[in-house]
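# Close look at the chain arrangement
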Amino acid sequence: MEHQKATELNSLCNGKIVTEYLCRNGFSELSVESKKVAVQHKNETSRKEAEDESRLPAIEAAYTTILRGLGENTDRQGLLKTPLRAAKAMQFLTKGYHETIYDILNGAIFDEDHEEMVIVKDIDMFSLCEHHLVPFFGKVHIGYLPSKKVVGLSKLARIVEIYSRRLQVQERLTKQIAMAISEALQPVGVAVVIEAAHMCMVMRGVQKMNSRTVTSAMLGLFREDPKTREEFLALTKSA
(Lines give C-alpha, C1' and ligand atoms only; values in the text may rest on other atoms or scores of the structure.)
Protein backbone atom coordinates (compact mmCIF):
# COMPACT_ATOMS: atom_id res chain seq x y z
CA MET A 1 0.00 0.00 0.00
CA GLU A 2 2.76 2.42 0.93
CA HIS A 3 4.62 1.54 -2.26
CA GLN A 4 1.49 2.24 -4.28
CA LYS A 5 1.04 5.65 -2.63
CA ALA A 6 4.66 6.46 -3.31
CA THR A 7 4.29 5.51 -6.96
CA GLU A 8 1.30 7.81 -7.30
CA LEU A 9 3.58 10.69 -6.26
CA ASN A 10 6.21 9.76 -8.83
CA SER A 11 5.80 12.85 -11.01
CA LEU A 12 6.07 15.17 -8.03
CA CYS A 13 9.17 13.74 -6.41
CA ASN A 14 11.53 12.80 -9.23
CA GLY A 15 10.81 9.07 -9.07
CA LYS A 16 12.57 8.36 -5.79
CA ILE A 17 10.35 6.24 -3.55
CA VAL A 18 12.01 7.33 -0.32
CA THR A 19 11.76 10.94 -1.30
CA GLU A 20 8.20 10.41 -2.50
CA TYR A 21 7.17 9.05 0.88
CA LEU A 22 8.69 12.05 2.58
CA CYS A 23 6.91 14.33 0.16
CA ARG A 24 3.63 12.76 1.17
CA ASN A 25 4.41 13.77 4.74
CA GLY A 26 5.01 17.39 3.81
CA PHE A 27 8.74 17.70 3.15
CA SER A 28 11.44 16.01 1.07
CA GLU A 29 15.09 15.20 1.63
CA LEU A 30 15.89 18.11 -0.64
CA SER A 31 13.89 20.53 1.48
CA VAL A 32 15.66 19.29 4.63
CA GLU A 33 19.04 19.83 2.98
CA SER A 34 17.95 23.27 1.78
CA LYS A 35 16.95 24.17 5.34
CA LYS A 36 20.37 23.08 6.61
CA VAL A 37 22.09 25.25 4.00
CA ALA A 38 19.81 28.17 4.85
CA VAL A 39 20.65 27.85 8.54
CA GLN A 40 24.39 27.67 7.79
CA HIS A 41 24.12 30.71 5.52
CA LYS A 42 22.20 32.63 8.20
CA ASN A 43 24.83 31.78 10.82
CA GLU A 44 27.63 32.80 8.47
CA THR A 45 25.86 36.06 7.64
CA SER A 46 25.40 36.81 11.34
CA ARG A 47 29.09 36.15 11.97
CA LYS A 48 30.12 38.49 9.14
CA GLU A 49 27.76 41.19 10.37
CA ALA A 50 29.25 40.89 13.85
CA GLU A 51 32.77 41.22 12.37
CA ASP A 52 31.74 44.34 10.45
CA GLU A 53 30.22 45.83 13.58
CA SER A 54 33.40 45.22 15.56
CA ARG A 55 35.56 46.87 12.90
CA LEU A 56 33.32 49.90 12.45
CA PRO A 57 34.82 52.10 15.24
CA ALA A 58 38.34 51.80 13.78
CA ILE A 59 37.15 52.76 10.28
CA GLU A 60 35.08 55.62 11.71
CA ALA A 61 38.14 56.92 13.61
CA ALA A 62 40.22 56.72 10.43
CA TYR A 63 37.70 58.87 8.54
CA THR A 64 37.72 61.38 11.38
CA THR A 65 41.51 61.60 11.08
CA ILE A 66 41.26 62.08 7.31
CA LEU A 67 38.72 64.90 7.62
CA ARG A 68 40.83 66.67 10.24
CA GLY A 69 43.88 66.18 8.03
CA LEU A 70 42.02 67.99 5.26
CA GLY A 71 41.52 70.92 7.62
CA GLU A 72 37.85 70.23 8.37
CA ASN A 73 36.12 70.76 11.69
CA THR A 74 34.58 67.37 12.48
CA ASP A 75 32.49 68.96 15.26
CA ARG A 76 30.44 71.12 12.91
CA GLN A 77 26.86 70.03 12.31
CA GLY A 78 27.26 68.76 8.77
CA LEU A 79 30.16 66.46 9.65
CA LEU A 80 29.14 65.14 13.06
CA LYS A 81 28.04 61.75 11.72
CA THR A 82 30.00 61.76 8.47
CA PRO A 83 32.81 59.47 9.68
CA LEU A 84 30.28 56.84 10.78
CA ARG A 85 28.26 57.14 7.59
CA ALA A 86 31.41 56.91 5.47
CA ALA A 87 32.60 53.85 7.41
CA LYS A 88 29.30 52.07 6.86
CA ALA A 89 29.31 53.04 3.18
CA MET A 90 32.82 51.66 2.72
CA GLN A 91 31.83 48.37 4.34
CA PHE A 92 28.90 48.09 1.95
CA LEU A 93 31.01 48.98 -1.08
CA THR A 94 33.51 46.24 -0.18
CA LYS A 95 31.09 43.58 1.07
CA GLY A 96 32.20 41.24 -1.70
CA TYR A 97 35.22 40.28 0.40
CA HIS A 98 32.83 38.35 2.66
CA GLU A 99 31.04 36.53 -0.17
CA THR A 100 31.83 33.62 -2.48
CA ILE A 101 30.05 32.25 -5.53
CA TYR A 102 29.02 29.22 -3.49
CA ASP A 103 27.03 31.47 -1.18
CA ILE A 104 24.72 32.37 -4.07
CA LEU A 105 24.88 29.42 -6.49
CA ASN A 106 23.72 26.68 -4.15
CA GLY A 107 20.69 25.04 -5.75
CA ALA A 108 20.71 27.34 -8.79
CA ILE A 109 22.65 25.11 -11.21
CA PHE A 110 20.37 22.90 -13.28
CA ASP A 111 20.82 19.94 -15.61
CA GLU A 112 19.58 21.03 -19.02
CA ASP A 113 20.09 19.64 -22.51
CA HIS A 114 21.11 23.01 -23.95
CA GLU A 115 24.38 23.62 -25.76
CA GLU A 116 23.77 26.96 -27.46
CA MET A 117 25.14 30.29 -26.32
CA VAL A 118 23.59 31.96 -23.28
CA ILE A 119 24.14 35.72 -22.94
CA VAL A 120 23.18 38.22 -20.25
CA LYS A 121 24.17 41.72 -21.32
CA ASP A 122 24.10 45.23 -19.88
CA ILE A 123 24.51 44.15 -16.25
CA ASP A 124 25.07 47.32 -14.22
CA MET A 125 28.38 47.31 -12.38
CA PHE A 126 29.81 49.66 -9.73
CA SER A 127 33.20 49.24 -8.11
CA LEU A 128 36.04 51.14 -6.46
CA CYS A 129 39.42 51.66 -8.08
CA GLU A 130 42.04 50.31 -5.69
CA HIS A 131 44.54 52.99 -6.70
CA HIS A 132 42.53 56.08 -5.73
CA LEU A 133 39.44 54.69 -3.96
CA VAL A 134 37.12 56.45 -6.40
CA PRO A 135 34.35 54.73 -8.36
CA PHE A 136 34.37 53.15 -11.77
CA PHE A 137 31.12 51.93 -13.24
CA GLY A 138 29.60 50.60 -16.42
CA LYS A 139 28.11 47.51 -18.05
CA VAL A 140 29.08 43.85 -18.00
CA HIS A 141 28.23 41.39 -20.77
CA ILE A 142 28.47 37.68 -19.98
CA GLY A 143 28.16 34.71 -22.31
CA TYR A 144 28.73 31.02 -21.83
CA LEU A 145 28.33 27.78 -23.78
CA PRO A 146 26.68 25.23 -21.47
CA SER A 147 27.90 21.69 -21.08
CA LYS A 148 24.54 20.18 -20.06
CA LYS A 149 24.29 22.59 -17.10
CA VAL A 150 22.76 26.06 -16.86
CA VAL A 151 22.61 28.58 -14.06
CA GLY A 152 19.78 30.85 -12.94
CA LEU A 153 20.24 34.04 -14.96
CA SER A 154 20.06 36.35 -11.96
CA LYS A 155 23.03 34.51 -10.47
CA LEU A 156 25.29 35.87 -13.20
CA ALA A 157 24.44 39.39 -12.04
CA ARG A 158 25.10 38.29 -8.44
CA ILE A 159 28.55 37.02 -9.44
CA VAL A 160 29.30 40.44 -10.92
CA GLU A 161 28.18 41.97 -7.62
CA ILE A 162 30.44 39.76 -5.53
CA TYR A 163 33.63 40.69 -7.38
CA SER A 164 32.78 44.34 -8.07
CA ARG A 165 32.08 45.05 -4.38
CA ARG A 166 35.80 44.96 -3.66
CA LEU A 167 38.74 47.25 -4.31
CA GLN A 168 39.43 46.44 -7.93
CA VAL A 169 41.09 47.10 -11.24
CA GLN A 170 38.91 46.45 -14.25
CA GLU A 171 41.30 43.95 -15.82
CA ARG A 172 41.26 41.69 -12.76
CA LEU A 173 37.52 42.07 -12.26
CA THR A 174 36.86 40.86 -15.81
CA LYS A 175 38.99 37.77 -15.36
CA GLN A 176 37.61 36.95 -11.90
CA ILE A 177 34.03 36.94 -13.20
CA ALA A 178 34.96 34.68 -16.11
CA MET A 179 36.96 32.27 -13.95
CA ALA A 180 34.19 32.05 -11.33
CA ILE A 181 31.59 31.09 -13.95
CA SER A 182 33.97 28.59 -15.53
CA GLU A 183 34.74 26.97 -12.18
CA ALA A 184 31.09 26.72 -11.15
CA LEU A 185 29.56 25.47 -14.41
CA GLN A 186 32.45 23.78 -16.23
CA PRO A 187 31.05 25.10 -19.54
CA VAL A 188 32.52 24.73 -23.01
CA GLY A 189 33.45 28.40 -22.93
CA VAL A 190 32.95 31.69 -21.08
CA ALA A 191 33.15 35.27 -22.36
CA VAL A 192 33.04 38.46 -20.31
CA VAL A 193 33.28 42.04 -21.57
CA ILE A 194 33.22 45.12 -19.34
CA GLU A 195 32.88 48.70 -20.54
CA ALA A 196 33.34 51.26 -17.78
CA ALA A 197 34.00 54.90 -16.97
CA HIS A 198 36.67 55.56 -14.35
CA MET A 199 36.29 58.55 -12.10
CA CYS A 200 40.06 58.60 -11.57
CA MET A 201 40.26 59.72 -15.22
CA VAL A 202 37.18 61.96 -15.13
CA MET A 203 37.36 63.74 -11.75
CA ARG A 204 41.15 63.99 -11.47
CA GLY A 205 44.29 63.42 -13.52
CA VAL A 206 43.69 63.83 -17.25
CA GLN A 207 39.98 64.68 -16.64
CA LYS A 208 38.66 63.15 -19.86
CA MET A 209 34.89 63.11 -19.51
CA ASN A 210 34.01 60.74 -22.35
CA SER A 211 36.70 58.10 -22.01
CA ARG A 212 35.63 54.46 -21.63
CA THR A 213 37.73 51.42 -20.81
CA VAL A 214 36.84 48.08 -22.40
CA THR A 215 38.26 44.78 -21.15
CA SER A 216 37.49 41.20 -22.10
CA ALA A 217 38.19 37.70 -20.86
CA MET A 218 37.65 34.74 -23.21
CA LEU A 219 37.91 31.16 -21.98
CA GLY A 220 37.48 27.83 -23.74
CA LEU A 221 35.81 27.88 -27.14
CA PHE A 222 35.42 31.66 -27.06
CA ARG A 223 39.20 31.93 -27.03
CA GLU A 224 39.88 29.09 -29.45
CA ASP A 225 37.23 29.70 -32.10
CA PRO A 226 37.11 33.14 -33.79
CA LYS A 227 33.55 32.57 -35.13
CA THR A 228 32.18 31.83 -31.66
CA ARG A 229 33.92 34.90 -30.27
CA GLU A 230 32.62 37.07 -33.11
CA GLU A 231 29.06 35.85 -32.54
CA PHE A 232 29.25 36.83 -28.88
CA LEU A 233 30.72 40.25 -29.62
CA ALA A 234 28.08 40.89 -32.31
CA LEU A 235 25.22 39.94 -29.99
CA THR A 236 26.48 42.14 -27.17
CA LYS A 237 27.22 45.17 -29.32
CA SER A 238 25.05 48.14 -28.44
CA ALA A 239 22.38 48.96 -31.02
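Bear in mind that the values here come from a model prediction, so they are computed numbers and not experimental data.

About the thresholds
Residues numbered from 1 in each chain as written. Predicted model: local features only at pLDDT ≥ 70, side-chain atom pairs only at ≥ 80, totals over all residues. Heavy atoms only, no water. Helix = DSSP H or I, 4+ residues; strand = E, 2+ residues; numbered from the N terminus. Buried < 20%, exposed > 50% of the residue type's maximum accessible area, 1.4 Å probe, protein only. Contact = heavy atoms within 4.5 Å. Areas by Shrake-Rupley, 256 points an atom, 1.4 Å probe, with all protein chains shown as cover. Arc of directions from axis to C-beta. Phe/Tyr/Trp six-rings, centres within 6.5 Å; stacked < 30°, edge-to-face > 60°. pLDDT = per-residue confidence, 0-100. Pairing = 2+ DSSP bridges. Axes fitted to C-alpha atoms, helices over the stretch in contact; angles between N-to-C directions. Parallel < 35°, antiparallel > 145°, perpendicular 65-115°, else oblique. Left-handed = near helix turned anticlockwise from the far one by under 90°. Nonpolar A, V, L, I, M, F, W, Y, C, P; charged D, E, K, R; others polar. Salt bridge = Lys/Arg side-chain N within 4 Å of Asp/Glu carboxyl O.

## Details of the overall build of the protein
- A count of helices and strands for the protein gives 10 helices and 7 strands.
- Relative to its full complement of 239 residues, the protein shows a buried share of 36%.
- Long-range contacts, defined as pairs at least 24 residues apart, comprise 66% of the intrachain contacts of the protein with a sequence gap of at least 6.
- Accessible surface, the protein as shown: approximately 14,800 Å² in total, 55% of it carbon and sulfur.

## Examining helix 10 (residues 226-236)
- Buried residues of helix 10: T228, F232 and T236, and no others. Buried positions in helix 10, seen along its axis, are confined to an arc of 60° and lie on one side of it. Among the exposed residues of helix 10, those oriented more than 90 degrees off its buried face are K227, E230 and A234.
- The inward-facing, buried residues of helix 10 contact strand 2 (118-129), strand 3 (135-145), strand 6 (189-198), strand 7 (213-220) and helix 9 (221-224).

## Here's the deal with the packing of aromatic side chains
- For the structure shown, the criterion picks out 2 aromatic pairs.
- Relative to F137, the ring of F126 has its centre 6.2 Å away and its plane inclined at 25°; by these criteria the two rings are stacked. Highlighted residues: F126 in strand 2 and F137 in strand 3, separated in sequence by 11 residues.
- With centroids separated by 5.7 Å and ring planes inclined at 70°, the aromatic side chains of F222 and F232 adopt a geometry described as edge-to-face. One end of the pair, F222, is in helix 9; the other, F232, is in helix 10, and 10 residues separate them in sequence.

## Points about the confidence of the model for the protein
- Here the protein averages 85 in pLDDT, and 79% of its residues register 70 or above.
- When mean pLDDT is compared element by element in the protein, strand 5 (residues 167-168) scores highest at 98, while helix 2 (residues 17-24) scores lowest at 36.
- Counting contacts from residues 1-31, a segment whose pLDDT is below 50, to residues more than four positions away or on other chains yields 23 contacts.

## A few points about the sheet that holds strand 6
- If you trace the 5 strands from one edge of the open sheet to the other, you get 5-2-3-6-7, paired in mixed fashion. Only two strands of the sheet have a single partner each, and these edge strands are strand 5 and strand 7.
- In the packing of helix 6 (residues 153-164) onto the sheet, contacts are made with strand 2, strand 3 and strand 5, and the angle to strand 2 comes to roughly 20°.
- Set on the sheet, helix 7 (residues 170-185) makes contact with strand 2, strand 3, strand 5, strand 6 and strand 7; between it and strand 6 the angle comes to about 155°.

## Quick notes on the packing of helix 6 against helix 7
- Between helix 6 and helix 7, whose axes approach to 10 Å, the crossing angle comes to 135°. Looking at the two axes, helix 6 sits oblique to helix 7. Judged by the twist between their axes, the crossing of helix 6 over helix 7 is right-handed. Between helix 6, through L156, I159, V160, Y163 and S164, and helix 7, the contact on the second element is made entirely by L173, Q176, I177, A180 and I181.
- Looking at the contact of helix 6 with helix 7 residue by residue, the class counts come to 8 nonpolar, 2 polar and no charged.

## Remarks on the pattern of salt bridges
- Taken as a whole, this structure holds 9 salt bridges when the rule is applied.
- For the salt bridge of K95 with E161, the shortest nitrogen-to-oxygen distance reads 4.0 Å. Of this pair, K95 sits in the loop between helix 4 (82-93) and helix 5 (101-105) while E161 sits in helix 6, placing them 66 residues apart in sequence.
- Residue classification places K95 among the partly exposed positions, given a relative accessible area of 22%.
- Here E161 falls in the partly exposed class, since its relative accessible area comes to 25%.
- The partner of K148 in a salt bridge is D113, and the shortest N-O contact between them spans 2.6 Å. Taken together, the positions of K148 in the loop between strand 3 and strand 4 (149-151) and D113 in the loop between strand 1 (109-111) and strand 2 put the pair 35 residues apart, joining distant regions of the chain.
- If you follow the salt bridges from partner to partner, you end up with K95, E99, E161 and R165 in one network.

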